[in-house]
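# Residue-level structure breakdown
Below are the chains, spelled out letter by letter.
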There are 2 protein chains.
Amino acid sequence: MKKQALEDRRESLGNTVAAGIRRLLVEGAFTPGQRLSEVALCERLGVSRNTLREAFRTLAHEGLVTHQPHRGVFVTSPDAASIVEIYRLRRFIECRALSEAWPSHPAVREMRVAVDEAHARSEQQDWLAVGTANMAFHGAIVALADSPRLNGFFRQILAELRLAFGLMSDKEWLHAPYVDMNRQVLETFEASDTKAAVALLEQYLAQSERVVLAAWERQVAT
Amino acid sequence: MKKQALEDRRESLGNTVAAGIRRLLVEGAFTPGQRLSEVALCERLGVSRNTLREAFRTLAHEGLVTHQPHRGVFVTSPDAASIVEIYRLRRFIECRALSEAWPSHPAVREMRVAVDEAHARSEQQDWLAVGTANMAFHGAIVALADSPRLNGFFRQILAELRLAFGLMSDKEWLHAPYVDMNRQVLETFEASDTKAAVALLEQYLAQSERVVLAAWERQVAT
DNA sequence: CCCGTGTTGATTGTTCAACAATAGCCCCGA
DNA sequence: TCGGGGCTATTGTTGAACAATCAACACGGG
C-alpha cells in the first residue's frame, strides 16, 4: 500500500488521515458543497472505510465537513451568517486575550515567529503559506489567555473560516495586506501600549471581515 | 439483539451510543481515571467495536474521555487547573452574553423554563435533575449571544465540569443553593437591570467555583 | 402532459472475523 | 534490587458481508 508516504506517524492512522483531508480542504482541493464519496476517498488514500469514517467524524466535529445521514459527508459550504458569526467570535476572543495578556508571555515569541514567517512567505508570493502564518499569529494571540480549551475552539473556527477563503481566487488580496498589520499589532503590544494594540487588532478584524464578506458575495453572484 | 431498547432512533447508532455513555458519565456511573474496555462496553451496549470506537472518538473530542494510543480510553479525571480554567471561561462567556443580550430574546423563555424545572426538581430532592436544569439555565444564558458555535463550545465545557461534579458526594450542597440564585439573576435581568444581573451572575459563578474547588480538594485528600 | 408509484442501483450504516502492533506483566537471572 | 526477554491481553486496522436508506428512473393512470 501507500501508507508509509506520510512518515512513520506516532499517532493513530485515523488522525493522520483526518489531518491529510484537513490540509486538502484548506488548500482548496475540494469545492464547498461537494460530496466526498467514501469508497473513492478510501481508495485514493489507501485506508479502509472504517478508518476513513473515523476521520470523517473528526472533521465533522470540527465543522469542516457536514454529515447527512444515509447521504454522505459534504464539504461545508460557508454562508454569510457563518462568516459574520466567526468574525464576531474572533473580536470577542482575540481582543479580550490581547487586552488581558501578560506582557512577557511565551506566546509573544510565537507571535513574532509567525509575523516573520508571513513576511518571508509574502516575498515569495506563497499566499497559501502566508495565510497559514497569519492563522498562527492569531492563534498565538489567543494562546496569551492560557486556556487550552479556548485554543482548541479558536483553532476550529479559524479552520472553518479558512474554508471560506478557499472559495475566493484573490489569495494575494486576501492575505497580503495583513502581514504588515500583524507586525504593527505585535510591535504596539511589545511597546506596552496594550490599549492601542487592541484597537489596531479590532480595526484589522473589521477590515478583514469586510473584505471576506465582499469576496463571498462576489462569489455567490457567479 | 437489544437495539430497540433506545426507541427507533432517527440518527446514527454511533451518536446514540455516545449519548448513552455521556449520560452514564454525567450520572457518575464511572469513576474518573477508569479505563473503559472496548470489548466489555460493546458487549454491554450490544454494539460492535467499530461503532463503539466512533462513539469514543466523539466523546474524546468533547473532552469527556481521553484517548491514549494502544492503551485505551479513560474517563477524564479533572484536575484543579481544569476547574479553574472552566470557571474562567464561564465568567468570560456568560457575563458577556448576558450583558449584551437583547431583552426579549427567545432564550429568556428557556431560562424561565429551566428555573422552574430546577425548582420543581429541587422540591423532589432529585439533585441530578436539578443539576441538569441548572446547566440548561446557563446554556440558555449563552444562547442569548446567538452563536451556534459558542453554544456548542459552552455545552462541551459544561459537560466536562459536570464530570467533576461526579467526584463529589454532596449533590444537594452542590446544586441546591443555586436554584434561587438563578431565579434572582433571571428576574433582575427581566427587570431591565442588566448591569445588576451580570454582577449577580459573576458573584454566583465565583461562589460556585469556590464550592467546587473546595469539594475537589476534599476529594483528593481521601 | 402531469403526477404518483414501484423498482432498481448505488451509497451509507453496521457487524463480524481476522491479523498486526503495542503495552503491561510475569518470570528469570545476575 | 534491577534489567531483560518473552507472553498475553488489548487496541489498531483491514476487508468483506449484509441491512437500511436514498435518488433516479421507468411505468401506468388521469
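Residues numbered from 1 in each chain as written. Chains lettered and ligands numbered in written order. Predicted model: local features only at pLDDT ≥ 70, side-chain atom pairs only at ≥ 80, totals over all residues. Heavy atoms only, no water.

Looking now at the protein's contact with DNA strand D. In the vicinity of DNA strand D lie 24 residues, with A:Leu13, A:Thr51, A:Arg71, B:Arg35 and B:Arg53 positioned nearest. The sugar-phosphate backbone supplies 73% of the atoms of DNA strand D found within 4 Å of the protein. For DNA strand D, a phosphate oxygen lies 3.4 Å from a polar atom in the backbone of B:His70. At the level of elements, helix H3 (49-62) of chain A together with strand S1 (35-36) and helix H3 (49-62) of chain B are the ones that each hand at least two residues to the surface near DNA strand D. Among the residues forming the surface near DNA strand D, the class breakdown is five nonpolar, 11 polar and eight charged. (Near = heavy atom within 4 Å. Polar contact = N/O pair within 3.5 Å; in protein donor to acceptor, adjacent residues only side chain to side chain. Helix = DSSP H or I, 4+ residues; strand = E, 2+ residues; numbered from the N terminus. Nonpolar A, V, L, I, M, F, W, Y, C, P; charged D, E, K, R; others polar.)

As a further point, take the protein's contact with DNA strand C. Lining the immediate environment of DNA strand C, one finds 24 residues, of which A:Arg35, A:Arg53, B:Leu13, B:Asn50 and B:Thr51 sit closest. Counting only atoms of DNA strand C within 4 Å of the protein, the sugar-phosphate share comes to 73%. With respect to DNA strand C, the backbone of A:Glu38 contributes an N or O atom lying 3.4 Å from a phosphate oxygen. A distance of 3.4 Å separates a phosphate oxygen of DNA strand C from a polar backbone atom of A:His70. Among the residues forming the surface near DNA strand C, the class breakdown is four nonpolar, 12 polar and eight charged.

Here the second copy of the chain follows from the first by a rotation about an axis and a shift along it. Of the transformation placing chain B onto chain A, the axial shift is 0.0 Å and the rotation is 180°, giving an RMSD of 0.0 Å. Given the turn and translation reported, the copies of this chain are related as if by a two-fold rotation axis. Closest approach to the rotation axis within chain B is made by the C-alpha atom of B:Glu54, at a distance of 3.1 Å. (Least-squares fit on C-alpha atoms with pLDDT ≥ 70 in both.)

Another aspect to go through is the sheet that holds strand S3 (residues 72-75) of chain B. By definition, the strands of a sheet pair up through backbone hydrogen bonds, in either a parallel or an antiparallel sense. Residues and elements named next belong to chain B. With antiparallel pairing, the three strands of this open sheet are ordered in space as S1-S3-S2. A single partner strand is all that each edge strand has here, and the edge strands are S1 and strand S2 (65-68). Two elements, S2 and S3, share four bridges in a ladder whose sense is antiparallel. Its bridge partner lying in S3, Gln-68 is registered against Gly-72. (Pairing = 2+ DSSP bridges.)

Let's shift gears to the domain arrangement of chain A. Residue and element names in this part refer to chain A. If you check the domain split of chain A, you get domain 1 (3-75) and domain 2 (80-221). If you average the C-alpha positions of domain 1 and of domain 2, the two centres end up 26 Å apart. Taken together, the links from domain 1 to domain 2 amount to zero salt bridges. Linking domain 1 with domain 2 are zero residue pairs in polar contact (both at pLDDT 80 or more). The set of elements that each furnish at least two residues to the side of domain 1 that touches domain 2 consists of helix H1 (13-26) and H3. (Domains from an automatic or database assignment. Salt bridge = Lys/Arg side-chain N within 4 Å of Asp/Glu carboxyl O.)

Right, let's get into the packing of helix H5 (residues 106-123) of chain B against helix H8 (residues 171-190) of chain B. Residues and elements named next belong to chain B. At a minimum axis distance of 9 Å, the contact between H5 and H8 shows a crossing angle of 155°. With respect to H8, the element H5 is oriented roughly antiparallel. Judged by the twist between their axes, the crossing of H5 over H8 is left-handed. Two secondary-structure elements touch here, H5 through Val-108, Met-111, Arg-112, Val-115, Ala-118, His-119 and Ser-122 and H8 through Val-179, Asn-182, Arg-183, Leu-186, Glu-187, Phe-189 and Glu-190. Split into classes, the residues belonging to the contact of H5 with H8 amount to seven nonpolar, three polar and four charged. (Axes fitted to C-alpha atoms, helices over the stretch in contact; angles between N-to-C directions. Parallel < 35°, antiparallel > 145°, perpendicular 65-115°, else oblique. Left-handed = near helix turned anticlockwise from the far one by under 90°. Contact = heavy atoms within 4.5 Å.)

Here the focus is the interface of chain B and chain A. Taken together, the contact pairs 28 residues of chain B with 27 residues of chain A. Approximately 2500 Å² of surface area, both sides summed, lies buried where chain B meets chain A, with 50% of it carried by carbon and sulfur atoms. Measuring nitrogen to oxygen at the nearest pair gives 2.6 Å for the salt bridge that ties B:Glu85 to A:Arg149. Connecting chain B to chain A are 21 residue pairs in polar contact (both at pLDDT 80 or more). Elements represented by at least two residues in the side of chain B that touches chain A include exactly helix H1 (13-26), H3, helix H4 (80-99) and helix H7 (148-165) of chain B. (Buried area = accessible area lost by both parts, 1.4 Å probe.)

The subject of this paragraph is the UniProt feature "domain: HTH gntR-type" (unreviewed entry) in chain A. The positions UniProt marks with the feature "domain: HTH gntR-type" (unreviewed entry) are residues 11-78 of chain A. Annotated as residues 11-78 of chain A, this span is 53% helix and 15% strand, and its ends, taken at the C-alpha atoms, are 30 Å apart. (UniProt positions renumbered as here; feature names shortened; annotations may be inferred.)

Now for the sheet that holds strand S1 (residues 35-36) of chain A. Spatially, the three strands line up as an open sheet ordered S1-S3-S2 (chain A), and their pairing is antiparallel. Of all strands in the sheet, those bounded by a partner on one side alone are S1 and strand S2 (65-68) of chain A.

Attention now goes to unusual backbone geometry. A negative phi holds for most residues other than glycine; trans holds for most peptide bonds. All names here are of chain A. In this structure, His-70 is a non-glycine residue whose phi angle is positive, near 65°. By secondary structure assignment, the location of His-70 is in the loop between S2 and strand S3 (72-75). A positive phi angle, close to 65°, is found at Ser-192, a residue other than glycine. Inspection of the secondary structure assignment puts Ser-192 in the loop between helix H8 (171-190) and helix H9 (194-221).

Let us now look at the packing of aromatic side chains. Under the defined criterion, the tally for this structure stands at four aromatic pairs over all chains. Seen from their ring centres, A:Phe92 and B:Phe92 are 4.6 Å apart, and the 40° between their planes marks the pair as tilted. Highlighted residues: A:Phe92 in helix H4 (residues 80-99) and B:Phe92 in helix H4, drawn from two different chains. When its relative accessible area of 10% is taken as the criterion, A:Phe92 is described as buried. (Phe/Tyr/Trp six-rings, centres within 6.5 Å; stacked < 30°, edge-to-face > 60°. Buried < 20%, exposed > 50% of the residue type's maximum accessible area, 1.4 Å probe, protein only.)

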